[in-house]
2 protein chains.
Amino acid sequence: MTRILVTGGAGYVGSHTVLVLLQEGYEVMVIDNMVNAVLGSGGKPESLNRVEKITGKTVDFEIIDLMDLEALRRVVKTKGPFESCIHFAALKSVGESCQQPLRYYRNNGTGSINLLEVLGENNCKSIIFSSSATVYGDPQYLPLDEKHPTGSCTNPYGKTKFIMEEIMRDVCTADPEWKAIMLRYFNPVGAHASGLIGEDPLGIPNNLMPFIAQVAVGRRKALQVFGNDYDTPDGTGVRDYIHVMDLAVGHVAAVRRAKEDSFKGWKAFNLGTGKGNSVLQMVAAFEAAAGNKIAYDIVPRRSGDIATSYADCSLAATELKWTAKKTIADMCADTWRWQSGNPKGFAA
Amino acid sequence: MTRILVTGGAGYVGSHTVLVLLQEGYEVMVIDNMVNAVLGSGGKPESLNRVEKITGKTVDFEIIDLMDLEALRRVVKTKGPFESCIHFAALKSVGESCQQPLRYYRNNGTGSINLLEVLGENNCKSIIFSSSATVYGDPQYLPLDEKHPTGSCTNPYGKTKFIMEEIMRDVCTADPEWKAIMLRYFNPVGAHASGLIGEDPLGIPNNLMPFIAQVAVGRRKALQVFGNDYDTPDGTGVRDYIHVMDLAVGHVAAVRRAKEDSFKGWKAFNLGTGKGNSVLQMVAAFEAAAGNKIAYDIVPRRSGDIATSYADCSLAATELKWTAKKTIADMCADTWRWQSGNPKGFAA
């Protein structure tokens, strides 16, 4: 059996990816520091308990922080060998990163350095990295393809994603045995169709979809729409929303591609649908899925937000044999099933 | 008395700066991990023993690696309070950084994160950073001023300097009490006029001047000139060479500026002469200073090298009240005095 190490596997995209890995016959070892996840029974994250329930398979799990080099070394050495590592573990709030930049650089940057070092020592020289379209900064052209310049992001969170990509690029250049695939997500939304796992942000959601869902379920009064005077069809921001299950499948496609002899070195792939939807279009789609009106207020633009972003995903289609399959209606229906069944997320 | 913490103070630019700090009446505490310096008597780096001899003053010193957060915490807590920190400690070989990228990202990146965290905890929120013109990458225009875009460097060493600048920028944005001055050096050469301290690279020198000096003193047979087909007057690369004593004075000017109430936040300054000299011009100047012929071979261009680089230093002139004073003849004469008096550097 092929064994995969998943860092940050208790989180949103992580847990859905673990689910697909298990369904595809992989053995999975998850490490997570639990700063952004809820512990359930049996000392496991509740998200992974649910994944085990859905799949009928077990996930190996340890609470490990990537700052703890010795614990990391022990787990990679004794729980392997691993064919590949999918590296999700990172702090991910733009706003928080501006308040606590050193925490972000340390957690995301030093954490990745530690991980790469320990993987290399244990001869696991294949990594799939949870990157983000944020590395492109303000788009110079649309759709964004992988040749678009990276690195001009202005917040520490985005800079850490860019730096992590560059560190992995340099590691692959220095040692041709290394393979690294950067998956640049656009806007992950949705949940597994079971409604048992989904996005469970701490505090006030930073992203649109969990905010809409929390309004729909009565946890928040009204959605804040940040600006309706952008140069877009209805004036609200346009993004490329992608279903988290499509994303999860994309990770498994990347694991497979990295294993092929024809794949060498470092390469980045966009994961999106290639289509943009506005905030108000998403609100309307969610209302249709949930059968509820979503109250919203138009408030001023949020600094740093751009008008429009969507992906050219042809490289992933050609080389990873992957395309997003799910519709906006799927994304909304699945989010609603998760949120209405778990109004307070994993914290029962 | 005002106390300054100097990281990497046993090194080339560090030791010359410690000398000027002592002469200007500052108390100095140096920490250095000694990976790039020679230990002398009394458990101190030989460079600092010489600085003490020249100045008649003492330097407080401990061997500390910035990776050792607890040792760093202890020294900053018990040996302070410090008015400011001058942060030289970094690995600095472009070629080595391409071979060992994780070591460079960890040492330079994580090292700086640790330092900033510990300085902040101890309320020393003023840092002068040893940056480099390498952050500009391939010049889009000349002379290079501080508004030139940064971050497009292609080697890990250069990327770490850029990242360190960005981390400090973000720390200043998050906490307005922080002050950070980036000093972007052009090409430091020369030595203190006493001939007692100077540049003492490990192994084959990466930089022109120590290579010329080692040829002049008979340690190496011939200088390698990397390309004579650049678009420059004589075909060899043109750089902005600056005397290390001018640089050292620039650091003290930055310490003074950072102390002023009118200085806020993060700011970068070029330190150069504003004049470019070619490799062959430097060879000729060195021959004149040393009275020796310097044998050289023209070899192919080195990948990543650019044709021409020189600084616009008007911002440092206006705001730091600093300009370089020493001539190319000074740089060569002082290098020769150091190298001929210490043919094997500090290792007696």
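Because the structure is predicted, anything quoted here is derived from the model rather than measured.

**Student:** Before we go on, may I ask you to explain the overall build of chain A in this structure?
**Tutor:** Assigned secondary structure in chain A consists of 11 helices and 13 strands. Buried residues in chain A amount to 59% of all 348 residues. Taking as baseline every contact in chain A between residues at least 6 positions apart, the subset at least 24 positions apart corresponds to 79%. Accessible surface computed for chain A: about 13,600 Å², of which carbon and sulfur atoms make up 51%. Taking the average place of the 37 positive charges on the side chains of chain A and the average place of its 38 negative ones, the gap between the two points comes to 3 Å.

**Student:** Got a minute to help me understand the relation of the copies chain A and chain B in this structure?
**Tutor:** Related by rotation about an axis and a shift along that axis, the two copies of the chain form a pair. For the pair chain A and chain B, the relating rotation is 180°, the translation along its axis is 0.0 Å, and the fit reaches an RMSD of 0.0 Å. In symmetry terms, the pair is related by a two-fold rotation axis. Taking C-alpha positions as the reference, the residue of chain A nearest the rotation axis is Thr-110 of chain A, at 3.0 Å. When you check the interface residues of chain A against chain B, 100% turn up at the interface there too, and the contact is symmetric in its surfaces.

**Student:** Sorry if this is basic, but what is going on with the packing of helix H5 (residues 101–121) of chain B against helix H6 (residues 156–174) of chain B here?
**Tutor:** The description of two helices packed together rests on the angle between their axes and the distance between the axes. Residue and element names in this part refer to chain B. Relative to each other, H5 and H6 sit at 20°, their axes nearing to 9 Å. Overall, the two elements H5 and H6 adopt an arrangement that is roughly parallel. Both H5 and H6 take part in a crossing whose hand is right-handed. For the pair formed by H5 and H6, the contact residues are Pro-101, Tyr-104, Tyr-105, Asn-108, Ser-112, Ile-113 and Leu-116 on the first element and Pro-156, Tyr-157, Lys-159, Thr-160, Ile-163, Met-164, Ile-167, Met-168 and Val-171 on the second.

**Student:** I tried to follow the interface of chain A and chain B on my own but got confused; where do I start?
**Tutor:** Many analyses report the size of an interface as the accessible area lost when the parts associate. Every contact between the two is made by 22 residues of chain A and, on the other side, 22 residues of chain B. When the two sides are added together, the surface that chain A and chain B hide from each other amounts to roughly 1,900 Å², 62% of it contributed by carbon and sulfur. Among the residues of chain A in contact with chain B, Leu-102, Arg-106 and Asp-170 of chain A are the three that bury the most area, contributing 32% of the side total. Counting across the interface, chain A meets chain B through six salt bridges. Its salt-bridge partner being Lys-159 of chain B, residue Glu-166 of chain A comes within 2.7 Å of it at the nearest N-O pair. Linking chain A with chain B are 11 residue pairs in polar contact (both at pLDDT 80 or more), by the criterion used here. Listed by contribution, the elements that provide at least two residues to the side of chain A that touches chain B are helix H4 (94–99), helix H5 (101–121) and helix H6 (156–174) of chain A. Counting residues per element, the side of chain A that touches chain B draws most heavily on H6 of chain A, at 10 residues. Residues belonging to the side of chain A that touches chain B are distributed by class as follows: 13 nonpolar, three polar and six charged.

**Student:** Looking at this model, I keep getting lost on the pairing of strand E5 (residues 126–132) of chain A. Mind explaining?
**Tutor:** Taken residue by residue, a regular strand's side chains alternate between the two faces of the sheet. Residue and element names in this part refer to chain A. Judged by how many residues are buried, E5 sits mostly within the fold: seven of seven residues are covered. Of the two faces of E5, the one holding Ser-126, Ile-128, Ser-130 and Ser-132 and the one holding Ile-127, Phe-129 and Ser-131 are both buried throughout. Sheet analysis places strand E4 (residues 84–87) next to E5, joined by three bridges and oriented parallel. Pairing of Ile-86 across the sheet is with Ile-128, part of E5. Inspection of the sheet shows E5 paired to strand E6 (residues 179–185) by seven bridges, in the parallel sense. The partner of Ser-132 across the bridge, within E6, is Tyr-185. Each parallel crossover has a hand, and for E5 linked through H6 to E6 it is right-handed.

**Student:** Explain the sheet that holds strand E5 (residues 126–132) of chain B here, please?
**Tutor:** Backbone hydrogen bonds are what pair the strands of a sheet, in a parallel or an antiparallel way. Residues and elements named next belong to chain B. Here we have seven strands laid out as an open sheet, ordered E3-E2-E1-E4-E5-E6-E11, and parallel in their pairing. Since the sheet does not close on itself, it has two edges, and those belong to strand E3 (60–63) and strand E11 (265–271), each with one partner. The sheet shows a mean angle of 20° between the axes of neighbouring strands, taken without regard to direction. Note: strand E1 (residues 3–7) against strand E2 (residues 27–32), five bridges, orientation parallel. Bridge assignment links Leu-5 to a residue of E2, and that residue is Met-29. The sheet contacts of H6 involve strand E4 (84–87), E5, strand E6 (179–185) and E11, and relative to E5 the element is tilted by about 155°.

**Student:** Looking at this model, I keep getting lost on the UniProt feature "domain: NAD(P)-binding" (unreviewed entry) in chain A. Mind explaining?
**Tutor:** Using the residue numbers shown here, the UniProt feature "domain: NAD(P)-binding" (unreviewed entry) corresponds to residues 5–335 of chain A. Taken as a whole, residues 5–335 of chain A contains 40% helix and 17% strand, while its terminal C-alpha atoms sit 27 Å from one another.

**Student:** Looking at this structure, how should I read the sheet that holds strand E3 (residues 60–63) of chain A?
**Tutor:** Residues and elements named next belong to chain A. Spatial strand order, E3-E2-E1-E4-E5-E6-E11: seven strands in an open sheet with parallel pairing. What marks the edges here is a single partner per strand, and that holds for E3 and strand E11 (265–271). Sheet twist, expressed as the mean angle between neighbouring strand axes with direction ignored, is 20°.

**Student:** Looking at this structure, how should I read the packing of helix H9 (residues 279–290) of chain A against helix H11 (residues 328–341) of chain A?
**Tutor:** All names here are of chain A. Where H9 meets H11, the closest approach of the two axes is 8 Å, and the angle between their N-to-C directions is 55°. Taken together, the axes of H9 and H11 lie oblique to each other. For the element pair H9 and H11, the recorded crossing hand is right-handed. Contacts from Met-282, Ala-285, Phe-286, Ala-289 and Ala-290 in H9 reach Ile-328, Cys-332, Ala-333, Thr-335 and Trp-336 in H11.

**Student:** I would appreciate a short explanation of the environment of Ser-130 of chain A in the present structure.
**Tutor:** Residue and element names in this part refer to chain A. Secondary-structure assignment places Ser-130 in strand E5. By relative accessible area, Ser-130 is classed as buried at 7%. Residues Ser-130 and His-87, spaced 43 residues apart in sequence, show a C-alpha to C-alpha distance of 6.0 Å. Aside from chain neighbours lying at most four places away, what touches Ser-130 is His-87, Phe-88, Lys-161, Leu-183 and Tyr-185.

**Student:** What exactly am I supposed to notice about the pattern of salt bridges here?
**Tutor:** Any two side chains of opposite charge can pair, on the condition that their charged atoms come close. Residue and element names in this part refer to chain B. Scanning the model with the defined rule gives 54 salt bridges over all chains in all. Its salt-bridge partner being Arg-184, residue Glu-165 comes within 2.7 Å of it at the nearest N-O pair. Taken together, the residues Glu-165 in helix H6 and Arg-184 in strand E6 connect sequence positions 19 residues apart. Residue classification places Arg-184 among the buried residues on the basis of a relative accessible area of 2%.

**Student:** How do you make sense of the packing of aromatic side chains when you look at a structure like this?
**Tutor:** Two aromatic rings, taken as a pair, are described by how far apart their centres are and by the angle between their planes. Per the counting criterion, the structure on display carries four aromatic pairs over all chains. Aromatic pair Phe-286 of chain B and Trp-336 of chain B: ring centres 6.0 Å apart, planes at 85°, arrangement edge-to-face. Separated by 50 residues along the polypeptide, Phe-286 of chain B in helix H9 (residues 279–290) and Trp-336 of chain B in helix H11 (residues 328–341) bring together distant segments of the chain. The positively charged end of Arg-301 of chain A is found above the aromatic ring belonging to Tyr-230 of chain A, 4.0 Å away from the centroid. Positioned over the ring face of Trp-266 of chain B is Arg-169 of chain B, at 4.0 Å from the centre of the ring.

**Student:** Just to check I follow, could you spell out the state of the cysteines for this structure?
**Tutor:** A covalent bond bridging the sulfur atoms of two cysteines is what the word disulfide describes. On inspection of all chains with the given rule, the structure shows zero disulfides over all chains. There is no disulfide at Cys-313 of chain A, and the cysteine sulfur nearest it, in Cys-332 of chain A, is 19 Å away. For Cys-313 of chain A, a relative accessible area of 15% translates into the label buried. Cys-98 of chain B takes part in no disulfide bond, and the closest cysteine sulfur to it belongs to Cys-153 of chain B, at a distance of 11 Å.

Calculation rules
- Residues numbered from 1 in each chain as written.
- Chains lettered and ligands numbered in written order.
- Predicted model: local features only at pLDDT ≥ 70, side-chain atom pairs only at ≥ 80, totals over all residues.
- Heavy atoms only, no water.
- Helix = DSSP H or I, 4+ residues; strand = E, 2+ residues; numbered from the N terminus.
- Buried < 20%, exposed > 50% of the residue type's maximum accessible area, 1.4 Å probe, protein only.
- Contact = heavy atoms within 4.5 Å.
- Areas by Shrake-Rupley, 256 points an atom, 1.4 Å probe, with all protein chains shown as cover.
- Lys, Arg positive; Asp, Glu negative; His and termini not counted.
- Charge placed at Lys NZ, Arg CZ, Asp CG, Glu CD.
- Least-squares fit on C-alpha atoms with pLDDT ≥ 70 in both.
- Axes fitted to C-alpha atoms, helices over the stretch in contact; angles between N-to-C directions.
- Parallel < 35°, antiparallel > 145°, perpendicular 65-115°, else oblique.
- Left-handed = near helix turned anticlockwise from the far one by under 90°.
- Buried area = accessible area lost by both parts, 1.4 Å probe.
- Salt bridge = Lys/Arg side-chain N within 4 Å of Asp/Glu carboxyl O.
- Polar contact = N/O pair within 3.5 Å; in protein donor to acceptor, adjacent residues only side chain to side chain.
- Nonpolar A, V, L, I, M, F, W, Y, C, P; charged D, E, K, R; others polar.
- Pairing = 2+ DSSP bridges.
- Right-handed = clockwise from strand over helix to strand, strands pointing away.
- UniProt positions renumbered as here; feature names shortened; annotations may be inferred.
- Phe/Tyr/Trp six-rings, centres within 6.5 Å; stacked < 30°, edge-to-face > 60°.
- Lys NZ or Arg CZ within 6 Å of the ring centre and 35° of its normal.
- Disulfide = S-S within 2.5 Å.

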